[in-house]
There are 2 protein chains.
Amino acid sequence: MSIIKNLIAGSWEESAETFITPLGTFSSATKVAVDRALIAAKESFQAFAETTTQERANFLKDLIHCLAANKDEIIAAYTAESQLPAARADGEFGRTIGQILRFVELLEEGNYLQPIIESKEGTADLRKMNHPIGPIAVFGASNFPLAFSTAGGDSISAFAAGCPVIVKSHPYHPYTSFKVASAIHQAVMNSGLPAGIFSHLQAEGHELGQDLVLHPLLKGVGFTGSFKGGKALYDMAQQRPEPIPVFAEMGSVNPMVILPHALANKEDLAKQLVDSITLGSGQFCTNPGLIIALGSAHERAVFEEALIRCIQTKEKQPMVHQSILTQFESKLNQHQKELKVVGGVPAAMGFTIATAFLKNLHWAEEVFGPYSLFIGCEQLTEVEAILNSLDGQLTLSLIGDDKDHKDVARLLPLAQEKAGRILFEGVPTGVAVTQAMMHGGPFPASTDNRFSAVGTDAIFRWLRPIAYQDCPDALLPPALQKKNPLHLSRVVNGVLTKESQ
Amino acid sequence: MSIIKNLIAGSWEESAETFITPLGTFSSATKVAVDRALIAAKESFQAFAETTTQERANFLKDLIHCLAANKDEIIAAYTAESQLPAARADGEFGRTIGQILRFVELLEEGNYLQPIIESKEGTADLRKMNHPIGPIAVFGASNFPLAFSTAGGDSISAFAAGCPVIVKSHPYHPYTSFKVASAIHQAVMNSGLPAGIFSHLQAEGHELGQDLVLHPLLKGVGFTGSFKGGKALYDMAQQRPEPIPVFAEMGSVNPMVILPHALANKEDLAKQLVDSITLGSGQFCTNPGLIIALGSAHERAVFEEALIRCIQTKEKQPMVHQSILTQFESKLNQHQKELKVVGGVPAAMGFTIATAFLKNLHWAEEVFGPYSLFIGCEQLTEVEAILNSLDGQLTLSLIGDDKDHKDVARLLPLAQEKAGRILFEGVPTGVAVTQAMMHGGPFPASTDNRFSAVGTDAIFRWLRPIAYQDCPDALLPPALQKKNPLHLSRVVNGVLTKESQ
């Protein structure tokens, strides 16, 4: 088998060092490769930034074709490398394609450029719009080899913005990443875009990531993964001579509060919860890790029994990687020592009560995998104390029926303080790729909770406004020109309009 | 004279330590005061965040009345404390009032909440809008005792967002700040808002600022001032256990490129430039510090003479503070040793050529005051080399007439890379408070160039989106309720509309 090379601005290159996985021998990217990728990215940036939104939409459409044409190989790599089943691979492939389509639509509509025009007799003519910020590094996520990795939301939103992308493949699935990178490379070539807008680098250790984040030409970072990894990249990026934004989505325990009437009445709630906890073997960032149930001892006991019955029906599913399983087992073991735990590797739940939890706040730490801690509460003040004790979260659920509304209303301010998305029904797993999605929450759920990592608003992470004062019309970007050639909705002197100005 | 106290959440308080200025004896705020101010801010946050946009607009309108009612005292404090003339104080007072009015209009329109709704049969109902992030610390600016200080753009945009504000007064004008803070306090009381939404703290050294930025309940920082001060606050904030955003506007040299035909034809350009350089004694963050002139040796010599004539007509104006004058003299003296400098404290210009400048890049460092460095260039490539050598800038001007368009077009990508606002006519001093303004540029001009510090878009610094999934209508914030009771423009299933949904 030949060595799997790094892609540096359109050319596949080998280095002296390699690493080996069951799927092949991979050339390790060096600091020199990082430097060349970044120089090429910077050189291609202006041309890419100046492509029209339609040209970038066409590139993304071509990418969809290139991915579809290689779907079988990509799925084969995914299942061989990740231990996840083919159905999951197929579903994630579909999500990845759907995600790219959303950005095609965003580009074809064009309003994300947010053109704002102030043009009145006697004052300066001022026109502002969003521009791409420059080369972006994307770190593949362990738990989503497709949808949050090489052609995932970070890369696609950066491409849509007009930013060159350098992907560092995740060491758990470098071959899948290589296959996807080949499709991106093909789409770049087909579209006649500068080759420098995409590089794909691979290595085993942390050094490549450090070299990338510290490179002076890099302008931003997208990351999905652990707190430890995300925070390390964030700190490095902030200590550069020129700090750059790092959008690290670092997960959370996604607390779900079950209020008394919901607890008493919703018979299928236990099943829904356990399904959510075990979905994808609990390896989703919105996996509910804390179930805070308010109700009488009797109702909690009935609910607890229902949960346990559901857990026991679950069959073992594979984790994405052996090392994630090992970590899960070790953390589960710790809980088993300290509290009542039912179930094991396929699906497990711990059971405690508020007073015990509040004395053992380390139980709130994420146990990444199919595990959730059930905390029984006697009073609403205990629920409040628990929520107050928690860090920032991606999601927080307040599950109640009509008769619980007063309690839900009382908890809502706390939920707003702690989370980026608040649910009132259902379960937090399942993150819709729409403009209304907010996937990101107060630290440490993510490093910048003003931006979403999922949905089309993710593009705003890679944009900054530039204002043009008294610019000759012919020199203005089309989005700001008087005749509004792109037919955008623009704010002109405070009024949203598609008229010329 | 009685001791001037700190305002902590509605109560005027003394501490054991004081500092003295010609205008009075001031109680120094301690770490205990910071803690009490932040606890009160946090306690008042939810109630303030839940006020309607109209209630916050009414508060800001009341603040305008309270400031106007105390205008004479505020202007008297300003002129006594800052050495700046009454006309400047009056102008800045007007700008401050005008700025508050812009935010009143923004709140009464309400679209900054950016409601986005995805609601379709068969999928989860998802509704997202902007929410305030929490208590904000505002550091008064030395060079704008009113418009960028206690009731300046940072404080007003944070109040408009629904964030409590803790102002640290600038030690150059604590009495002016106290007078303005008294007006804010009055407006808070008149409006029946919780007293915790505003505190005003004063001290001489850096310790108070550190205690503020490091306080765990603080959620954001607004700062206008030096690179050294802004970067120190930024670093502190990033190294907290929970990093928080710091919007530090740290100024720049605002390069102006004069292209050949403009240089040859625009007779009044020299006067316009020198007026801009000396405006407010050169103490504006958009003061043009580098004039990069492309043209023949003859034309540059003619222009240079015109500049020198203009400089010599300028009379001495006061600097805002003696220490700024001292720093200016010291930096000017350095330039005088190294290159040809004409003029002195009232107005000065250095003169050099591209080849010399490129060997002495430290000449590009900001000389804060009425000074600008003129760099003569023979070729466009020299202009490019100079721009390439520069750091990020608030503004960059490309001044040409019709025949220079080709050169302007060639330089435009560099200008986009380096600056937040690009001018094609006029001078960069004069920063309009409109939605289309971008006041902020690539680092080190500011710490986050995705946000503007001037104009109504400054409110986005203090907001983060929260998504509500399947929320009962009665529990939704009004901006997201089905009937659209606030009559906002909302994106509903991808379409902007004022309809109910």
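Residues numbered from 1 in each chain as written. Chains lettered and ligands numbered in written order. Predicted model: local features only at pLDDT ≥ 70, side-chain atom pairs only at ≥ 80, totals over all residues. Heavy atoms only, no water.

## Observations concerning the packing of aromatic side chains
Link 1 in the chain: Applying the stated criterion across every chain, the model contains 31 aromatic pairs over all chains.
Link 2 in the chain: Arranged with centres 5.2 Å apart and planes meeting at 15°, the rings of F19(A) and F26(A) form a pair that is stacked. Of the two residues, F19(A) and F26(A), neither departs from the other in class, the shared state being buried.
Link 3 in the chain: In this structure an aromatic cluster arises from ring pairing among F247(A), F451(A), W462(A), F247(B), F451(B) and W462(B).
Link 4 in the chain: Sitting over the ring of F144(A), R88(A) keeps its end group 4.9 Å from the ring centre.
Link 5 in the chain: For the cation-ring pair, K340(B) lies above F351(B), with the distance from its terminal atom to the ring centre recorded as 5.2 Å. (Phe/Tyr/Trp six-rings, centres within 6.5 Å; stacked < 30°, edge-to-face > 60°. Buried < 20%, exposed > 50% of the residue type's maximum accessible area, 1.4 Å probe, protein only. Lys NZ or Arg CZ within 6 Å of the ring centre and 35° of its normal.)

## Let's talk about the nonpolar core
Link 1 in the chain: L60(A) and L60(B) are the most contacted members of the largest nonpolar core, which has 205 residues in total.
Link 2 in the chain: Other than its neighbours up to four places away in sequence, L60(B) contacts I100(B), F103(B), V104(B), L107(B), I156(B), F159(B) and A160(B). (Core = buried A, V, L, I, M, F, W, Y, C linked by side-chain atoms within 4.5 Å. Contact = heavy atoms within 4.5 Å.)

## Some details on the domain arrangement of chain A
All names here are of chain A.
Link 1 in the chain: The domains assigned to chain A are domain 1 (6-250 + 449-461) and domain 2 (256-423).
Link 2 in the chain: Between domain 1 and domain 2, the residue contacts involve twelve residues of the former and 14 residues of the latter.
Link 3 in the chain: Across the domain 1/domain 2 interface, buried area totals approximately 1100 Å², and carbon plus sulfur atoms make up 60% of it.
Link 4 in the chain: If you sort the residues of domain 1 by the area they bury against domain 2, Q83, N143 and Y172 come out on top, with a joint share of 46%.
Link 5 in the chain: Run the count over domain 1 and domain 2 and you get one residue pair in polar contact (both at pLDDT 80 or more).
Link 6 in the chain: In terms of residue class, the side of domain 1 that touches domain 2 is made up of five nonpolar, four polar and three charged. (Domains from an automatic or database assignment. Buried area = accessible area lost by both parts, 1.4 Å probe. Polar contact = N/O pair within 3.5 Å; in protein donor to acceptor, adjacent residues only side chain to side chain. Nonpolar A, V, L, I, M, F, W, Y, C, P; charged D, E, K, R; others polar.)

## Things to note about the pattern of salt bridges
Link 1 in the chain: Per the counting criterion, the structure on display carries 40 salt bridges over all chains.
Link 2 in the chain: Measuring nitrogen to oxygen at the nearest pair gives 2.8 Å for the salt bridge that ties R450(A) to D448(A).
Link 3 in the chain: When its relative accessible area of 11% is taken as the criterion, D448(A) is described as buried.
Link 4 in the chain: K61(B) is the salt-bridge partner of E108(B), the closest N and O atoms lying 2.8 Å from each other. Taken together, the positions of E108(B) in helix α4 (residues 86-109) and K61(B) in helix α2 (residues 53-69) put the pair 47 residues apart, joining distant regions of the chain.
Link 5 in the chain: For E108(B), a relative accessible area of 39% corresponds to the partly exposed category.
Link 6 in the chain: Each of the salt bridges in this network shares a partner with another, and the network as a whole consists of D448(A), R450(A), D448(B) and R450(B). (Salt bridge = Lys/Arg side-chain N within 4 Å of Asp/Glu carboxyl O. Helix = DSSP H or I, 4+ residues; strand = E, 2+ residues; numbered from the N terminus.)

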